[in-house]
Each structure stands twice: as structure tokens, then as C-alpha cells.
Amino acid sequence: MPSLGAIAFLVHDYDEAIAFFTRALDFHLIEDTDMGDGKRWVTVAPRGSDGTRLLLARAVTDEQRAQVGHQGGGRVFLFLNTDDFSGDYARMREHGVRFREEPRHESYGSVVVFDDLYGNGWDLIQPT
């Protein structure tokens, strides 16, 4: 049965992206392997996740650099589920994450839209 292993996530710098994901979002650094010539294989995932990872891919061409922060085309790009909405929201605020709105409660759960370090939109969601 196929499964989605990783999503390429364009970044300007490996180390700043690792710091954001591991500190502000409390992700686990799964792998950071030097591939030579300044290239690294870096994957992160939410703690406790056994599924899809983000592959932090350093943008190297002008076209790639232009897409950093625009991977969702202006829409929310990724959805981060949580079982501790208020705790995760508080930690993210403490780490300077920019929120586009105040948390709200919808029929499907608690949600708030935030930007990652490059401006991609994410939903933090605690499903009902």
C-alpha cells in the first residue's frame, strides 16, 4: 500500500528552518545528513508522528528562491493537528510565530491560521 513519505518544503537556510521547526513548532529532527557540495538531506516531523515528514529543501535556483514562502499559492498550505491546542498555541506565541487571526472554534474543532518563518500559511487544528 503506497503512503506519502515526505513533502519537499523549500527553505532559504537549513539551520534557520531546523531551528523554527524544532523550537517554535516542537517538531523532531529526524535526519540531517550532509550530501556534499552544501546539500543536506534534512527531515522533520511533529513529535510522535509516524507518518509524513517535511524534507527541508534549500532553494538554490532563482525559480526555487522565488517560491520560498509561496508554496500554497496564497492559501493555507499545511494543516497541523494537535491534541493540546492551547498549549501549542501558547508555545508558538512565545517563539514569535505570527498568527493571522485569533483562535476560533468551528464545528470541526479549534483552529488558528499562522505563518511559518517564510510566510507559508498553516492551520493549527485540534479536531473535535
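Our subject is the structure listed above.
On a predicted model such as this, the values are computed, not experimentally measured, just so you know.

(A) Quick look at helix α3 (residues 85-94). Those residues of α3 that sit buried are F85, D88, Y89, R91 and M92. Along the long axis of α3, the arc covered by the buried residues comes to 165 degrees, so they all point the same way. Looking at α3, the residues exposed on the side facing more than 90 degrees away from the buried face are S86, R93 and E94. Against α1 (14-24), β6 (98-99), β8 (109-115) and β9 (121-127) lie the buried residues of α3. G96, located one to two residues past α3, shows a positive phi value of around 80 degrees.

(B) Spatial organisation of the pairing of strand β3 (residues 39-46). Sheet topology places strand β2 (residues 27-36) next to β3; 8 bridges connect them, and they run antiparallel. Bridge pairing links L29 to V44 in β3. What sits between the antiparallel neighbours β2 and β3 is a turn of 2 residues, in which D37 has the positive phi angle 55 degrees. Pairing between β3 and strand β4 (residues 53-58): 3 bridges, direction antiparallel. Bridge assignment links V44 to a residue of β4, and that residue is L54. In this structure, the hairpin formed by β3 and β4 is closed by a connection of 6 residues, where G48 is found at a positive phi of approximately 85 degrees.

(C) Inspection of the packing of aromatic side chains at higher detail. Taken as a whole and assessed by the stated rule, the structure comprises 11 aromatic pairs. Grouping aromatic residues by their ring pairs yields a cluster made of F9, F20, F21, F27, F77, F85, Y89, F99, F114 and W122.

(D) The arrangement of the environment of H12 in detail. As for its position among the elements, H12 is in the loop between β1 (6-11) and α1. Residues H12 and Y118, 106 residues apart in the sequence, show an inter-C-alpha distance of 8.5 Å. Among residues more than four places away in sequence, those in contact with H12 are R58, R65, V68 and Y118.

Parameters and conventions
Residues numbered from 1 in each chain as written. Predicted model: local features only at pLDDT ≥ 70, side-chain atom pairs only at ≥ 80, totals over all residues. Heavy atoms only, no water. Buried < 20%, exposed > 50% of the residue type's maximum accessible area, 1.4 Å probe, protein only. Helix = DSSP H or I, 4+ residues; strand = E, 2+ residues; numbered from the N terminus. Arc of directions from axis to C-beta. Contact = heavy atoms within 4.5 Å. Pairing = 2+ DSSP bridges. Phe/Tyr/Trp six-rings, centres within 6.5 Å; stacked < 30°, edge-to-face > 60°.

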